Each structure stands twice: as C-alpha cells, then as structure tokens.
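Residue-level structural notes
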Amino acid sequence: MSLPAVSNNNVDSSLQGAYQASPVKSMIYGRGTSKNLASIIETLGASRAFIITGQSLSTKTPVIKDIEKSLGNSHVGTFNKIAQHAPILAIREAKNLVKETRADVLISIGGGSPIDSAKAIAYQIFVETRIWIPTVAVPTTLSVAETTQNAGFTTEEKKKIAVSHPELVPKVVVYDGDLAVYTPTSLWTSTGIRALDHAIELLYHPLASEIPTKRLALTAISDLFTYLPLSLSDPSSAVHRQKLFLAAYASLFPFLYTGGVGLSHSMGHALGATYNIPHGITSCLTLAPVLELKARTQKEEAVQIARVLGYIGLKGEETGDSEVDARRVGREVAGLVERLGHKSTLIQYNVPPGEEVNIALHALVKGKDHPDFQNVVDIIHSLYGREEKSVM
C-alpha cells in the first residue's frame, strides 16, 4: 500500500506530505493493564488465545504464567521457543501448533523477536488458509516491533528477511510497566537506543510526515534522553519504564510505510542476523557513526538531524550550520550510549576481522553500486575498534 500522490518523497516534509494511519485499533497503557487481556481479545471477537514468547520470560519470570492465568479458559496454548532474530524453524513449529489448537488470536509477549514471529505466523497462516488471524502485542522491551506492518525473521542461512502487509500490524498494543521491570536492565536500555534509532532515522525518512510522525519522534527523543539514564539508575522503577514505553511508541508511531527505516537499521539487520548481535546493541554500534556520515554527506538529512539538539537540552546551542549541529547530535548519541554502558566493538561480539565488505553487501540493496558502499565499509571497519584505514 502506497501513500497518496501528495507525498513528495522529500526528506523535508514540513510543508508537504501525507500520513496514512496503520490499522491498529487500540494502544492501552498503564501498570497492570496486561491483566485485562481476556477482555481485550473479546473486543476483537476472539476467544481462543495462543501466546508466542521466548524462554527467558516463560522460565525465569512469572510474566507468562500470570498472563496465562488471567486469560483463563480463553488460553489455548503457549509457544516459548522464540529465540533472538526470530528463526524460521521456530516460526514454522509454532504455526503448526496454532493451527492445531484452532486459536483465533495470537498474543506476542516479549521483545521484537516474539512480536515479529507472531506476525510471521499470522502471515503463513494467511498464505495457507486465506484467513487473517489478529495479533495482540505485549512488549517487554523498547524495540518497537509492535507498531509496524513488517515481520522480520531469520532464514536457515542466517539471512534476515521480512514479509509485509497492513494486516500484520498488531490490532492492540498493551504497555504494562509492571511487566517491564522483569526485563534485564542491559536489554532494556540497549533496546531504548533501538527506539532512539527509530526516532532519529524517521526524521529523514522520505515517507514520514511532519504531523504526527516527526513531531512525535522528536518528543520520543527527548524522553529517551531523559528517562533511559533514570531507568538505569533505578531499574526497579515501573514508573520510569512505563514512561519509556510511551516514548518507544512515539518513536515509531504507527504509519504505513514501505522499505527500510534508514541506513543504521540496514546495517543493524546485516550485523544482527549474521553474527547474532542483539538489535539493541546493533543500534548502539551504528547510529552515531551513521549520523556523522549523514552530517558530512547529506545536506537535507543533516538539517533534519540537527533538529534534535533542541529536544535534548541543547536548545540555544545550535550554530545554524546543519553539518556542525548534526555532528553534535551524533556525539550526543554516542555519549548516551556510553553513559548507559553500551559502548562496544565488533570484536567483543566475535565478528571475525575482515568482514567489512560482506556486511556492507548485506546491508545495502544495491551492494557495491550503492553510493554509500565505501562509507559503510569504513564505518564497519571503525566498529572493530581499530584505527587503521580500511582497504578494499
């Protein structure tokens, strides 16, 4: 589905653009709201709920058992084998179980992998039956897979691919701060940088409208810079986590778009699926250097990035030079990543030296024909933590 012709595909959408809402029906937030899932699925006309989740939530926390109990007789099954990056074999296994139980709604609980997996399961069921089964997302991280029509998963060859359809947008999103406190602090704050990645890259996305998308993204950036450090210093605070959930939703406010989000995301997908690096960490690695590249090489995009300064406590410190200000944003992002304890290198994540070209080829659709191919190779090289210049 494409946007109306009024959308001019320009990075600057301040005076012309279009917003096309996604088919999400409800976003429900507040501490304890996950206890109402039985009545929530009734609003969708559903009565047979199947839970999609991962091992950690189901075996190391009371989250899944509590939700199963609250669902009562409407709970017909749980699949808890979804691993990082949504492997296709687990998705196929879960799909068969969903069909066997005659479930009429999927409830995904966890981070981006369970949420994307539920979408992929719904898509596969549609392909086989021509019937869409709705999904309800109950996030426990800040990755924000719950607002999009895209479902990314990993093939048996460790390649990240995706399916996309407006019907894959979760019909209801439930943000419960009481569930979020069970998420390990490192995972929580690193996925917060993933949300920041969404918000900043949407500022220069050619299909993102000024209202509501970019304005909400800017408020999300402000809240992420404010509450991520507070959540780090007080990890048991459900209040801080609840506020960050709302920031995450605003960072990728539901709208229908095609293609990827931006260069940092593309590099993150190439790194994450191939080398099993969590997506929160990939954003910690790639966002700041991508912003520096945009500042240096893309004038229009630099103008959009420079807007961030006024939302992170630096209003009045803008120079009016978009390159200088966008570079400052990149440094502030890098500083936030370091303050949260997520500064790292590819070596730390066991990425073999010399993989720069392969990673760039996976990240860029046009491969070596992409105008930023050498720039991406250089960025990847810098992420190893070595100072010598990359050679091709």
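Cut-offs and rules
Residues numbered from 1 in each chain as written. Predicted model: local features only at pLDDT ≥ 70, side-chain atom pairs only at ≥ 80, totals over all residues. Heavy atoms only, no water. pLDDT = per-residue confidence, 0-100. Contact = heavy atoms within 4.5 Å. Buried < 20%, exposed > 50% of the residue type's maximum accessible area, 1.4 Å probe, protein only. Helix = DSSP H or I, 4+ residues; strand = E, 2+ residues; numbered from the N terminus. Pairing = 2+ DSSP bridges. Right-handed = clockwise from strand over helix to strand, strands pointing away. Axes fitted to C-alpha atoms, helices over the stretch in contact; angles between N-to-C directions. Expected span 1.5 Å × (residues − 1). Salt bridge = Lys/Arg side-chain N within 4 Å of Asp/Glu carboxyl O.

1. A look at the confidence of the model for the chain
Scored by pLDDT, the chain has a mean of 93; 96% of the residues are at 70 or more. Between residues 1-6, whose pLDDT stays under 50, and residues either more than four places distant or in other chains, the model counts 15 contacts.

2. Examining the pairing of strand E5 (residues 135-139)
For E5, the buried fraction is high: five of the five residues fall into the buried class. For strand E4 (residues 105-110) and E5, the ladder comprises five bridges, and the chain directions are parallel. Its bridge partner lying in E5, Ile107 is registered against Val136. Tracing the backbone out of E4, into helix H5 (residues 112-129) and back to the parallel element E5 gives a crossover that is right-handed. Across two bridges, E5 lies against strand E8 (residues 172-175) in parallel orientation. Residue pairing for E8: Ala137 is matched across the bridge by Val173.

3. Notes on unusual backbone geometry
Cis peptide bonds are those with omega within 30 degrees of zero, and the linkage from Ile211 to Pro212 qualifies with 0°. Relative to the helices and strands, Pro212 is located in helix H8 (residues 210-233). Notably, Arg130 is not glycine yet its phi reads approximately 65°, a positive angle. Position of Arg130 among the secondary structure elements: in the loop between H5 and E5. With a phi angle near 65°, Val144 is a residue other than glycine that sits in the positive phi range. Looking at the element boundaries, Val144 is found in the loop between E5 and strand E6 (150-154). Owing to a relative accessible area of 2%, Val144 belongs among the buried residues under this scheme.

4. Description of the sheet that holds strand E2 (residues 49-52)
Sheet architecture is open: six strands sit in the order E1-E8-E5-E4-E2-E3, paired in parallel fashion. Each edge of the sheet is formed by a strand with only one pairing partner; in this case those strands are strand E1 (26-29) and strand E3 (75-79). Taken pair by pair, the neighbouring strands of this sheet meet at an average axis angle of 15°, ignoring direction. Sheet topology note: the E1/E8 ladder contains four bridges and is parallel.

5. Comments concerning helix H10 (residues 263-275)
Taking 1.5 Å per residue as the helical rise, H10 with its 13 residues ought to reach 18 Å, and the 18 Å between its terminal C-alpha atoms agrees with that figure. Most of H10 sits inside the fold, with ten of its 13 residues counted as buried. Listed in full, the buried residues belonging to H10 are Leu263, Ser264, His265, Met267, Gly268, Ala270, Leu271, Gly272, Ala273 and Tyr275. Asn276, located one to two residues past H10, shows a positive phi value of around 60°.

6. Remarks on helix H12 (residues 299-306)
Where H12 is concerned, the buried positions are Glu301, Ala302, Gln304, Ile305 and Ala306. Contacts made by the buried residues of H12 are with helix H7 (185-203), H8, helix H11 (279-297) and helix H13 (322-339).

7. So, the pattern of salt bridges
What the rule picks out here adds up to 14 salt bridges. As a salt-bridge pair, Glu292 and Arg296 come within 3.5 Å of each other at their nearest N and O atoms. One end of the pair, Glu292, and the other, Arg296, are both in helix H11, four residues apart, so they sit about a helical turn from each other. Arg296 gets classed as partly exposed once you look at its relative accessible area, which sits at 41%.

8. As for the environment of Val290
Of note, Val290 is situated in helix H11. By relative accessible area, Val290 is classed as buried at 0%. The spacing of Val290 and Pro114 is 176 residues in sequence and 28 Å in space, taken between C-alpha atoms. Not counting chain neighbours up to four residues away, the residues in contact with Val290 comprise Glu201, Tyr204, Leu263, Ser264, Met267 and Ile379.

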